[in-house]
Amino acid sequence: MSGPLAGARAAPLAGRARAAGDGRGGAISKGGLGASERSSIAARAVAGRRGAVTTPHSGYHWDGTDRRFFEGWYFKVTIPEEKDSFALIFSIEDPAGNGGTPGVGAQVMGPGDGYIVQHTKDVRRFWAERSYLALGHCFKPKSGPGGIGSPKRPVSEVTFDKTVEHGFQSTATLHQGSIIHDDSSTPGKIQPTVDSCSWCFNVHSIYGWGSSGQRQQSTAGWLAALPVFEPHWQVLMSHGLASGWFKWGDRMYNFRDAPSYYEKNWGAGFPSKWFWVQCNDFDGHPDLCLTSVGAKRKLGLQAVEEDVGMIGVHYKGEFIELVPWSGEVEWEVEPWGSWRMQARNSTAEAELIVETKPDAGTVLRAPVGDEGLAPFCRDSFFGTAHIRIWERQGGRRGSLLVDALSTTAAVE
């Protein structure tokens, strides 16, 4: 879980969730890639799939009431040539604005696990679409001729530039924004790496959450739709290719067909403990995407928690999902620096080992109850991830399907 949901804990986290059921696996072949190879893959993958990767829960979930509510979005771009990444992390809290801890936050993680945030308690300029992925906010409108007011829907790149001094807009295919560091309305302090950040890039979707050409799934299955489970979580795009630019302080980063990833979370509560690993930049495996998570999450209004965990892999159009309601998932996670997971069902088995340096990462903010967007978590773009997947037949481990390594996994 990412975006607003991220965490490093004060004690090791271990868990196990299991059931009985089925699943499916897929085959692997090897091959390296550069920008031209990624572009070729994108052309083949997007052809015939455009519009087919919209997942459930893509729209905004606020019901218009004044109950405690947050929604957060996480959009990541990895630039293989730089061996580094950017992540846009947007959040809205208590959007009714008449109680609780209302606020709009735009956090950006940048190169070298860098950080910047702009936040305001004024939620009136935030907007999001209920039926599809689109959101935005204007921290400061531009003055002068042509001012049509702050956008309240997706607009062209030119219109955004003419009307928004500081703010952002994000859709399934376009991300644009410009922020300055301003944490004056948030509790706690995180040292910024730069004073300003701006960006504009387009994305071609390849994988949502499910096999290509099939109906896309809720990340947590049917459980995601039940209000008794908090928080809710949805991977919106497991893999896409992004082209555009980031300006990080005074340095410009241009990229073409860079691996990208989207997810979101929403609700009123947070897990008491959790971890998360995501990667779609594996050496020699340009079409391999991994998302894994483990957590203790709240059930309803009572002080009851459950262990939940998952490993999800996309490759060559196929989706391998290892979840507790159709198999077994086990994990052991240190407070920081080591993540280990094992999962199996009737047709596939996976082992994930991830490590990062003790001094890697940056603190991020998250919507934390009555505190608002407070320092609460730790993320890094520099996890070394090793994922192996085997087929299973007759209750036994069979042939090796996936054996892949990356040094640019996102971890928390």
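By the naming in an unreviewed UniProt entry, the protein chain is Tocopherol cyclase, taken from Ostreobium quekettii.

**Student:** Is there a simple way to think about the overall build of the protein chain in this case?
**Tutor:** Check the secondary structure of the protein chain and you find two helices and 23 strands. For the protein chain, with 412 residues in total, the buried portion stands at 58%. Summarising the internal contacts of the protein chain: among those between residues at least 6 apart in sequence, 65% fall at separations of at least 24. As presented, the protein chain carries roughly 16100 Å² of accessible surface, and 50% of it is formed by carbon and sulfur atoms.

**Student:** What should I look at first to understand the sheet that holds strand S4 (residues 103-110) in this one?
**Tutor:** An order of S5-S4-S3-S2-S13-S12-S10-S9-S8-S7-S6 is seen for the 11 strands of this open sheet, with the pairing classed as antiparallel. Edge positions in the sheet fall to strand S5 (114-120) and strand S6 (127-128), since each of these pairs with one other strand and no more. Two strands pair when backbone bridges link them, and strand S9 (residues 174-180) and strand S10 (residues 196-207) are joined in this way by seven bridges, in the antiparallel orientation. From the neighbouring strand, Gly177 faces S10, where its bridge partner is Trp199.

**Student:** Looking at this model, I keep getting lost on the side chain of Asp113. Mind explaining?
**Tutor:** Relative to the assigned elements, Asp113 resides in the loop between S4 and S5. One buried charged residue, Asp113, remains without a salt bridge, the closest side chain of opposite sign being Arg378 at 7.4 Å. A distance of 2.9 Å separates a polar atom in the side chain of Asp113 from the backbone nitrogen of Phe381. Ignoring any residue separated from it by four or fewer positions in sequence, one finds Asp113 in contact with Ala360, Gly361, Thr362, Asp379, Ser380, Phe381 and Phe382.

**Student:** Help me out: how do you make sense of the packing of aromatic side chains in this one?
**Tutor:** What the rule picks out here adds up to 23 aromatic pairs. Seen from their ring centres, Tyr60 and Trp73 are 6.3 Å apart, and the 35 degrees between their planes marks the pair as tilted. You can see Tyr60 sitting in the loop between helix H1 (35-46) and strand S2 (70-79) and its partner Trp73 sitting in strand S2, a full 13 residues away along the chain. We classify Tyr60 as buried; its relative accessible area is 9%. Consider the rings of Trp73 and Phe126, whose centres lie 6.0 Å apart with planes at 35 degrees: the pair is tilted.

**Student:** Is there a simple way to think about the nonpolar core in this case?
**Tutor:** Counting residues in each nonpolar core, the largest one holds 38 residues, and the members touching the most others are Trp73, Phe90, Val108, Leu135, Trp199, Phe201 and Phe246. Contributing elements (two or more residues each) for this core: S2, strand S3 (84-93), S4, strand S7 (134-141), S10, strand S12 (232-248) and strand S13 (251-267). If you look at the next biggest cluster of nonpolar residues, it comprises 30 residues, including Val277, Tyr315, Ile320 and Val411.

**Student:** Is there a simple way to explain the pairing of S2 in this structure?
**Tutor:** The side chains of a regular strand alternate, first on one face of the sheet and then on the other. Among the 10 residues in S2, 10 count as buried, and that is most of the element. Burial of the side chains of S2 extends over both faces: Phe70, Gly72, Tyr74, Lys76 and Thr78 are buried on one face and Glu71, Trp73, Phe75, Val77 and Ile79 on the other. Relative to S3, S2 is paired through 10 bridges, and the arrangement is antiparallel. Looking at the pairing, Glu71 lines up with Ile92 of S3.

**Student:** Help me understand the environment of Phe275 in this model?
**Tutor:** With respect to the secondary-structure elements, Phe275 resides in strand S14 (residues 273-279). Between the C-alpha atoms of Phe275 and Val333, which are 58 residues apart in sequence, the distance is 7.7 Å.

**Student:** What is the right way to look at the pattern of salt bridges in this model?
**Tutor:** Pairs can form between side chains of opposite charge once their charged atoms are near each other. Taken as a whole and judged by the stated rule, the model has 14 salt bridges. With a closest N to O distance of 2.9 Å, Asp122 and Arg124 form a salt bridge. Looking at Arg124, the relative accessible area reads 67%, which means it is exposed. Asp183 is the salt-bridge partner of Lys189, the closest N and O atoms lying 3.1 Å from each other. If you follow the salt bridges from partner to partner, you end up with Arg68, Glu93 and Asp94 in one network.

Parameters at a glance
Residues numbered from 1 in each chain as written. Predicted model: local features only at pLDDT ≥ 70, side-chain atom pairs only at ≥ 80, totals over all residues. Heavy atoms only, no water. Helix = DSSP H or I, 4+ residues; strand = E, 2+ residues; numbered from the N terminus. Buried < 20%, exposed > 50% of the residue type's maximum accessible area, 1.4 Å probe, protein only. Contact = heavy atoms within 4.5 Å. Areas by Shrake-Rupley, 256 points an atom, 1.4 Å probe, with all protein chains shown as cover. Pairing = 2+ DSSP bridges. Lys, Arg positive; Asp, Glu negative; His and termini not counted. Salt bridge = Lys/Arg side-chain N within 4 Å of Asp/Glu carboxyl O. Polar contact = N/O pair within 3.5 Å; in protein donor to acceptor, adjacent residues only side chain to side chain. Phe/Tyr/Trp six-rings, centres within 6.5 Å; stacked < 30°, edge-to-face > 60°. Core = buried A, V, L, I, M, F, W, Y, C linked by side-chain atoms within 4.5 Å.

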